Number of protein chains: 2
Amino acid sequence: MSADDFRRHAHALADFIADYHERIVREAPVLSAVAPGEVMGQLPSHAPESGESWDDILGDVGDRILPALTHWQSPNFFGYFPANASYPAMLAEFLCAGLGVQGMLWQTSPACTELEQRVLDWLAHAIGLPEAFTFRPEASGPASGGSGGTSGGSRGGGTSGQSSGGGGVIQGTASEATLVAMVSARARARGQLGDDARLIAYTSEQAHSSVMKAAMIAGIGRDNLRLIPTDSALAMDPDALRSRIEADLRSGLRPFFLCATLGTTSTGAFDPVDALGSIAQEHAMWHHIDAAWAGSAAICPEHRGWMCGVERADSFCFNPHKWLLTNFDCSAYWTRDRAALLDALSITPEYLRNQASDAGAVVDYRDWQIPLGRRFRAIKLWFVMRHYGLEGLRAHIRRHIALAEQFERWVRADDRFEIAQPRSLSLVTFRLRADDDANRRLLNALNDTGKLFLTHTVVPTIASPQTPRFVLRLAIGSTHTAHEHVERAWECIRAETDRIQR
Amino acid sequence: MSADDFRRHAHALADFIADYHERIVREAPVLSAVAPGEVMGQLPSHAPESGESWDDILGDVGDRILPALTHWQSPNFFGYFPANASYPAMLAEFLCAGLGVQGMLWQTSPACTELEQRVLDWLAHAIGLPEAFTFRPEASGPASGGSGGTSGGSRGGGTSGQSSGGGGVIQGTASEATLVAMVSARARARGQLGDDARLIAYTSEQAHSSVMKAAMIAGIGRDNLRLIPTDSALAMDPDALRSRIEADLRSGLRPFFLCATLGTTSTGAFDPVDALGSIAQEHAMWHHIDAAWAGSAAICPEHRGWMCGVERADSFCFNPHKWLLTNFDCSAYWTRDRAALLDALSITPEYLRNQASDAGAVVDYRDWQIPLGRRFRAIKLWFVMRHYGLEGLRAHIRRHIALAEQFERWVRADDRFEIAQPRSLSLVTFRLRADDDANRRLLNALNDTGKLFLTHTVVPTIASPQTPRFVLRLAIGSTHTAHEHVERAWECIRAETDRIQR
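Residues numbered from 1 in each chain as written. Chains lettered and ligands numbered in written order. Predicted model: local features only at pLDDT ≥ 70, side-chain atom pairs only at ≥ 80, totals over all residues. Heavy atoms only, no water.

A few words now on the packing of helix α6 (residues 174–193) of chain A against helix α11 (residues 338–345) of chain A. Residues and elements named next belong to chain A. Axis separation between α6 and α11 bottoms out at 8 Å; the angle between their running directions is 95°. Taken together, α6 and α11 sit at an angle that is classed as roughly perpendicular. Contact residues: α6 offers Val180, Val183, Ser184, Ala187 and Arg188, while α11 offers Ala340, Leu341, Asp343, Ala344 and Leu345. Partitioning the contact of α6 with α11 into residue classes produces seven nonpolar, one polar and two charged. (Axes fitted to C-alpha atoms, helices over the stretch in contact; angles between N-to-C directions. Helix = DSSP H or I, 4+ residues; strand = E, 2+ residues; numbered from the N terminus. Parallel < 35°, antiparallel > 145°, perpendicular 65-115°, else oblique. Contact = heavy atoms within 4.5 Å. Nonpolar A, V, L, I, M, F, W, Y, C, P; charged D, E, K, R; others polar.)

Now for helix α13 (residues 378–413) of chain A. Under the 1.5 Å per step criterion, the end-to-end length of α13(A) is only 44 Å for 36 residues, more than 12% shorter than the ideal 52 Å. At A:Gly389, α13(A) is deflected by roughly 90°, the largest bend along its length. (Expected span 1.5 Å × (residues − 1). Bend = angle between axes of the 7 residues up to and from the residue.)

In this section: the relation of the copies chain B and chain A. For the pair chain B and chain A, the superposition axis carries a translation of 0.0 Å, the fit reaches an RMSD of 0.0 Å, and the rotation angle comes to 180°. The transformation relating the two chain copies, once decomposed into turn and shift, fits a two-fold axis. By C-alpha distance to the rotation axis, the residue of chain B lying nearest is B:Ala218, at 2.1 Å. Of the interface residues in chain B, 100% have counterparts in chain A that sit at the interface too, so the contact is made through matching surfaces. (Least-squares fit on C-alpha atoms with pLDDT ≥ 70 in both.)

Moving on, we come to the interface of chain B and chain A. In this assembly, 158 residues from chain B lie in contact with 158 residues from chain A. Overall, the association of chain B and chain A removes approximately 14300 Å² of surface from exposure, summing both partners, and the carbon and sulfur fraction of that is 64%. Three residues stand out in chain B for area buried against chain A, namely B:Met40, B:His46 and B:Tyr351, and they jointly supply 6% of the buried area on that side. At the boundary of chain B with chain A, the tally comes to 12 salt bridges. A:Glu52 is the salt-bridge partner of B:Arg386, the closest N and O atoms lying 2.8 Å from each other. Joining chain B to chain A, the criterion identifies 70 residue pairs in polar contact (both at pLDDT 80 or more). The element that contributes the greatest number of residues to the side of chain B that touches chain A is helix α1 (residues 3–26) of chain B, accounting for 16 residues. Grouping the constituent residues of the side of chain B that touches chain A by class yields 75 nonpolar, 53 polar and 30 charged. (Buried area = accessible area lost by both parts, 1.4 Å probe. Salt bridge = Lys/Arg side-chain N within 4 Å of Asp/Glu carboxyl O. Polar contact = N/O pair within 3.5 Å; in protein donor to acceptor, adjacent residues only side chain to side chain.)

All right, on to the pattern of salt bridges then. Inspection of every chain in the model, using the stated rule, returns 76 salt bridges over all chains. Ionic pairing is found between A:Arg353 and A:Glu350, a salt bridge with its closest N-O pair at 3.8 Å. With relative accessibility at 40%, the residue A:Arg353 sits in the partly exposed group. A salt bridge links B:Asp329 to B:Arg375, with the shortest nitrogen-to-oxygen separation between them at 3.0 Å. Taken together, the positions of B:Asp329 in the loop between α10 (320–323) and β7 (331–335) and B:Arg375 in the loop between α12 (355–358) and α13 (378–413) put the pair 46 residues apart, joining distant regions of the chain. Residue B:Asp329 is classed as buried on the basis of its relative accessible area of 7%. By relative accessible area, which is 4% here, B:Arg375 ends up buried. Counted as one network, the salt bridges with shared partners bring together A:Asp4, A:Arg7, B:Asp15, B:Asp19 and B:Glu22. (Buried < 20%, exposed > 50% of the residue type's maximum accessible area, 1.4 Å probe, protein only.)

Spelled out as structure tokens, the structure:
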């Protein structure tokens with residue numbers, strides 16, 4: 001493919017993508033109706049020997065791929081937590097692919113590393129993370145906005161070296177961030193407690209499954225991760241944590257890692273990180289905060305109260321790819337203790353040595369993550385933060401939260417429904433005042449309409465604090481979601497409820 | 001940004017990317033001359049409050065980012081192993097971002113999962129991997145090429161279930177693949193040996209540092225990874241492996257994992273996987289093969305001899321993102337034992353349950369990898385394999401190997417130089433017949449010209465089998481690299497040598 005062919009195909013593809021977005025906003029189906037095996041059955045069993053025409057390839061995208069997608073970018077996607085995209089972020093991904101640089105070391109593309117350092121500092125400031133999580137002390141007041149070039153704001157000095165202080169990095173996912181935090185914690189604990197201590201990690205019963213997955217991968221083991229009970233709001237109970245730690249200590253075990261959650265996946269519950277931080281500090285445990293979804297909201301000062309106590313955490317993570325207009329994958333991870341991170345992940349074979357790294361003058365992000373290689377993902381965050389500005393990002397978050405408030409009011413006004421747990425930001429959990437089976441049938445009926453996509457969870461509710469119940473979740477976070485989509489969702493929920501209860 | 005703005009900006013960006021590639025082919029500098037901190041110093045210390053214009057943003061890409069890149073896609077990039085890109089793969093990345101789907105579960109986009117299953121099967125066949133590594137038994141002979149739609153080739157049946165047999169998956173990097181293999185191995189070993197056995201892993205002294213990193217992350221520990229000595233060709237010595245295993249067994253330790261390398265990073269050495277496979281089988285160890293770089297060459301039947309014995313491996317990995325015209329990240333990983341993989345990585349919280357998964361009728365790739373979420377990376381491989389066809393991909397590999405052969409002849413013909421280790425595919429290792437310091441000075445002088453980029457290693461050589469020496473590596477693998485670039489590289493090497501030895 002020549003450069004001119006590429007220009008032509010890229011222009012057509014841009015139109016294809018724009019058409020796609022205009023169509024999924026206009027038309028309904030979110031879930032595909034394909035059966036298992038149907039897509040594979042339409043594809044040849046072997047790769048072609050000779051190259052095929054671009055028209056045939058792009059034609060198959062329209063004919064075979066699009067009909068078998070779950071349209072995550074549909075405004076009617078309310079499942080899980082949405083993974084939002086935006087046009088500026090898509091352009092950034094295209095540029096990232098076009099430049100094709102690989103940022104494992106500072107030397108392998110200085111801009112790839114330094115832009116990432118800078119935008120992670122930007123983002124830390126924007127959500128109110130303390131200075132200790134950034135690469136350099138505050139040099140001046142807020143920038144005056146405007147240019148991204150030399151004219152705007154103060155200039156940071158040189159980079160910090162690799163080995164001490166804090167800083168941020170883009171991980172692929174919060175799962176990787178949790179794993180990185182856990183192995184950092186282990187490196188620090190082994191340094192203090194030696195190799196023979198049996199290390200115990202703690203998180204809540206409502207924590208994301210990735211904490212358990214990290215414990216499995218890291219070899220901490222399922223049995224050494226304690227799932228601490230939660231209170232009626234499904235937030236980790238500090239007293240229960242304290243009791244469990246004390247019991248473990250009496251058994252000769254060594255607490256080393258606490259993962260608190262700000263905004264759980266099931267219901268958006270917030271662990272009390274201030275109280276938990278005190279306990280972690282008391283026992284010299286690494287305190288990681290997983291704010292994968294909710295962290296984006298902290299860009300609004302009024303949605304940041306639950307960050308109180310974050311200054312005592314050792315690491316913090318949230319996913320701009322969930323709710324900050326940045327395409328997956330982009331999980332922002334900060335730590336105050338780079339030394340532990342390097343202890344856990346750094347090895348320098350001869351073939352990666354270079355003058356800049358040897359001089360200790362630069363950050364080499366390969367040591368901050370599980371993989372060695374890395375894409376130039378900072379471009380996404382840079383484009384998004386500059387295109388929308390912090391004001392634009394705040395407006396986006398506030399708009400979604402207002403839509404969720406509206407939906408919550410509709411649910412509360414209909415006697416057939418109950419709110420399962422208090423609305424959390426843009427997540428509403430609700431259910432029919434009926435048995436679990438009726439709720440499950442409602443969910444399936446809704447998703448079968450194709451008009452919207454919801455997912456569920458099973459948790460204790462306000463009305464049933466002792467017995468977990470099947471609960472529907474409406475998570476607002478898709479970029480295109482507007483009032484009309486939430487309104488239609490509610491109409492659809494009422495209509496299907498009528499049908500089911502007939 | 002409206003859809004129409006997006007169309008306009010995307011068209012301009014496509015031209016920007018095409019211009020960039022035309023420029024880096026024409027102009028020389030590969031390495032940037034920026035100093036540490038220089039890029040950061042040009043960027044404001046805080047994000048802008050208000051959104052900025054697209055022209056300003058793209059202007060800064062040209063002014064601040066491009067000058068501070070290491071141009072991985074330059075035809076004069078001969079360092080590490082190149083991470084090749086191609087126009088079809090860039091378009092695929094753009095489409096991937098544009099669709100914005102997330103393929104953690106089959107349900108979250110059936111096409112994302114099933115296209116990946118199918119193209120990994122395509123790729124397995126293309127490099128000669130046995131059927132046991134694919135999702136389904138051979139249904140017919142090779143497809144007739146041509147259409148990617150229903151007309152070409154036989155149709156595979158339905159998908160296999162999750163829990164048994166083999167299959168492939170796209171990992172981000174070979175590092176992650178090695179980690180997944182290691183934790184799969186541990187899950188199988190723990191099932192057989194119980195929780196108390198002290199597990200020992202084996203790889204060669206020349207294995208990639210990611211094997212050690214995986215051992216650190218997985219909690220196997222540095223001390224429990226044996227680095228087995230190599231022979232004079234820097235391939236793992238099976239006798240040394242056998243002796244070490246026997247010594248470990250005598251000490252009550254339990255061998256569980258062997259990572260062999262096909263094409264080491266330093267010199268492209270090939271471990272004898274046939275002999276090693278016998279040893280692994282004898283001791284019921286998981287046998288992983290890391291062919292990260294060399295695996296792409298196996299698409300040519302004449303460059304596949306070193307695959308002999310692969311049929312006894314438990315897992316195999318290579319990186320199309322290194323040398324098969326597919327943009328980073330795309331690391332292909334196959335296993336014959338999905339059950340161990342699921343034992344190691346699967347957890348199903350309520351909020352991820354769905355009918356298709358519960359029925360066991362589909363593959364959920366979240367259980368095949370470290371992260372939960374995943375991008376639609378299969379599009380890249382699909383576009384690349386269809387656009388070039390297997391013939392086109394083979395021609396690409398053969399062209400690079402022929403260039404390396406030419407370079408090798410030039411080196412051999414100049415008495416001032418020696419070949420360090422035999423050329424391996426498109427990798428030539430060479431050095432001045434002089435001390436290490438002279439070679440280091442030559443490398444720095446070459447890279448300082450900006451005309452090309454080489455990296456080094458320190459290994460035993462043909463001339464110095466006992467004492468490791470500083471060696472230059474010329475790795476051909478960039479998509480744009482043609483005869484003229486290799487010729488100019490050789491001229492530059494001779495000229496700088498003249499200057500240094502003057």
